[in-house]
Amino acid sequence: MIEATGITKNFGELKVLKGVDLSVRQAEVVSIVGPSGAGKTTLLQILGTLDKADSGQVLLKGKDISKLSPKALAAYRNEHIGFIFQFHQLLPEFTALENVMIPGLIARKRERETKERSKELLAYLNLSERAHHKPNELSGGEKQRVAVARALLNNPDLILADEPSGSLDSKNKEELHKLLFDLRDKFGLTIVIVTHDNELAQLSDRRIRMKDGIVLQETKENHSFFP
Ligand SMILES: Nc1ncnc2c1ncn2[C@@H]1O[C@H](COP(=O)(O)OP(=O)(O)O)[C@@H](O)[C@H]1O
Ligand SMILES: [Mg+2]
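Report follows, based on the coordinates. (Residues numbered from 1 in each chain as written. Chains lettered and ligands numbered in written order. Predicted model: local features only at pLDDT ≥ 70, side-chain atom pairs only at ≥ 80, totals over all residues. Heavy atoms only, no water.)

### Some remarks on the sheet that holds strand 4 (residues 55–60)
Here is the rule: Strands are treated as partners if at least two bridges between them are detected by DSSP. Helix and strand assignments come from DSSP, with helices taken as H or I runs of at least 4 residues and strands as E runs of at least 2, each series counted from the N terminus. The contact rule is simple, with two residues in contact once any of their heavy atoms fall within 4.5 Å. To obtain each axis, a line is fitted to C-alpha atoms, and for helices this fit is confined to the stretch in contact; angles are then taken between N-to-C directions over 0 to 180 degrees.
What the four strands build is an open sheet, ordered 2-1-4-5; its pairing is antiparallel. Edge positions in the open sheet fall to strand 2 (14–24) and strand 5 (63–64), since each of these has one partner strand only. Bridge count for strand 4 against strand 5 is two bridges, and the pairing is antiparallel. Bridge assignment links leucine 59 to a residue of strand 5, and that residue is aspartate 64. Running at roughly 55° to strand 2, helix 1 (residues 40–47) makes contact with strand 1 (2–11), strand 2 and strand 4 of the sheet.

### Considerations on helix 6 (residues 170–187)
To keep it simple, the criterion reads: Helix span, as expected, comes to 1.5 Å for every residue beyond the first. For each residue, the accessible area found with a 1.4 Å probe, counting protein chains only, is set against the maximum for its type, and the residue is called buried under 20%, exposed over 50%, and partly exposed in between.
Taking 1.5 Å as the rise per residue, helix 6 with 18 residues should run 26 Å; its terminal C-alpha atoms sit 26 Å apart, in good agreement. Buried within helix 6 we find Asn172, Leu176, His177, Leu179, Leu180, Phe181, Leu183 and Arg184. In the stretch just after helix 6, glycine 188 is the one whose phi turns positive, near 65°.

### Re the environment of arginine 112
Looking at the secondary structure, you find arginine 112 in helix 4 (residues 111–124). Along the primary structure arginine 112 and glutamate 163 are separated by 51 residues, whereas in three dimensions their C-alpha atoms are 33 Å apart.

### Notes on the nonpolar core
Rules: Throughout this description, the term nonpolar core refers to a set of buried Ala, Val, Leu, Ile, Met, Phe, Trp, Tyr and Cys residues connected via side-chain atoms within 4.5 Å.
The biggest cluster of nonpolar side chains holds 32 residues, and the ones touching the most others in it are Leu122, Val146 and Val148. Taken together, the elements giving at least two residues each to this core come down to helix 3 (96–106), helix 4, helix 5 (140–152), strand 7 (158–162), helix 6 and strand 8 (190–194). In terms of residues, this core owes the most to one element, helix 5, which gives six residues. Of all hydrophobic cores here, the second largest spans 29 residues; its members include Val30, Val192, Val194 and Ile208.

### Some details on the site of ligand 1
Our working definition: Any residue with at least one heavy atom within 4 Å of a molecule or strand is counted as near it. Polar contact criterion, stated in full: a pair of N or O atoms within 3.5 Å, where within protein one must be able to donate a hydrogen and the other to accept it, and residues adjacent in sequence count only if both atoms are side-chain atoms. Accessible surface area values rest on a Shrake-Rupley calculation with a 1.4 Å probe, where residue burial reflects the displayed protein chains alone. The nonpolar class holds Ala, Val, Leu, Ile, Met, Phe, Trp, Tyr, Cys and Pro. Asp, Glu, Lys and Arg form the charged class, and all remaining residues, Gly among them, are polar.
In the neighbourhood of ligand 1, the contacting residues comprise Phe11, Leu14, Val16, Pro35, Ser36, Gly37, Ala38, Gly39, Lys40, Thr41 and Thr42. In the model, an oxygen atom of ligand 1 is placed 3.1 Å from a nitrogen or oxygen of the alanine 38 main chain. Here an oxygen atom of ligand 1 sits 2.8 Å away from a polar atom, N or O, in the side chain of lysine 40. In the complex, the protein chains occlude 56% of the 560 Å² of accessible area that ligand 1 would expose alone. Ranked by residues supplied to the shell around ligand 1, first place goes to helix 1 with three residues. For the shell around ligand 1, a count of residues per class yields five nonpolar, five polar and one charged.

### A short note on the packing of helix 4 against helix 5
Between two packed helices, both the angle of their axes relative to each other and the distance between the axes serve to describe the pair. Selection criterion: Angles are sorted into four bins: roughly parallel if under 35 degrees, roughly antiparallel if over 145, roughly perpendicular if 65 to 115, and oblique for all others. In a left-handed crossing the near helix is turned counterclockwise from the far helix by less than a right angle, and in a right-handed crossing that turn is clockwise.
In contact at an axis separation of 9 Å, helix 4 and helix 5 are set at 135° when each is read in the N-to-C sense. With respect to helix 5, the axis of helix 4 lies oblique. The two elements helix 4 and helix 5 cross, and the hand of that crossing is right-handed. Touching Arg117, Leu121 and Leu122 of helix 4 are Val146, Ala149 and Leu152, all from helix 5.

### Considerations on the pairing of strand 2
Pairing geometry for strand 1 and strand 2, over eight bridges, is antiparallel. In the sheet register, isoleucine 7 faces strand 2, and the bridge partner there is valine 20. Counted along the chain from strand 1 to the antiparallel partner strand 2, the turn is two residues long, and its residue glycine 12 has a positive phi close to 60°.

### Points about the packing of aromatic side chains
Here is the rule we go by: Centres within 6.5 Å are what make two rings of Phe, Tyr or Trp a pair, Trp counting through its six-membered ring; a difference in plane orientation under 30 degrees is then read as stacked, over 60 as edge-to-face, and the rest as tilted.
The full count for this structure, using the stated rule, is two aromatic pairs. With centroids separated by 6.0 Å and ring planes inclined at 5°, the aromatic side chains of phenylalanine 83 and phenylalanine 85 adopt a geometry described as stacked. Look at tyrosine 124 and phenylalanine 187: their rings are 6.2 Å apart centre to centre, the planes differ by 75°, and that puts the pair in the edge-to-face class. One end of the pair, tyrosine 124, is in helix 4; the other, phenylalanine 187, is in helix 6, with 63 residues separating them in the sequence.

Set out below in structure tokens:
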């Protein structure tokens, strides 16, 4: 699903990524852990086509995304990748339903179908009652579930999440973690999560530890014990 090789990235003099290799299989849940400043967010942004590596290659489903024009890249991203951020990044002026619809409208899908699918997703995430509320009228957990619905709207293959439970209390955190694994089980989604949360990292199929722009170690866990 993802094959990244030799990824480097500098911001001026600062070498943020110093040759990162990472491969992730379809329907795998991988967490990236490591101290602040290690380059985790930068790597996730590059995997998600939001930023470009200085050198190295990213293949998504065998496709070399560095070869795409900016316009093709934006379309590819909108169609295939769902993003979940720590601070949900919902648009404050729009209702939950409208926020979920945005990726569909960007993809120029029919409004009626987009609305139907958005409502289905909100129902799936137990948010039907909240559909017409704006973000400031929603709890932290609700906002993050709206962000998950938005990430799912275009049926992505890949979800990239940057500290998705970083601003949630423990109950909402647990719910969100369960949701991510449900999504993998139900839809075969591939999920890469940057997290400081040990529990979430433990639940993942694989943990990747980064420090100072390199991958330190990969922990493979055998999940056959946890059916
Ligand atoms: N756009 C940018 N411009 C300059 N420096 C950046 C930029 N983005 C990140 N950095 C720096 O790169 C380093 C790694 O950042 P980041 O990838 O956000 O790490 P992490 O997510 O592991 O905390 C940090 O030192 C950060 O200050
Ligand atoms: Mg970060």
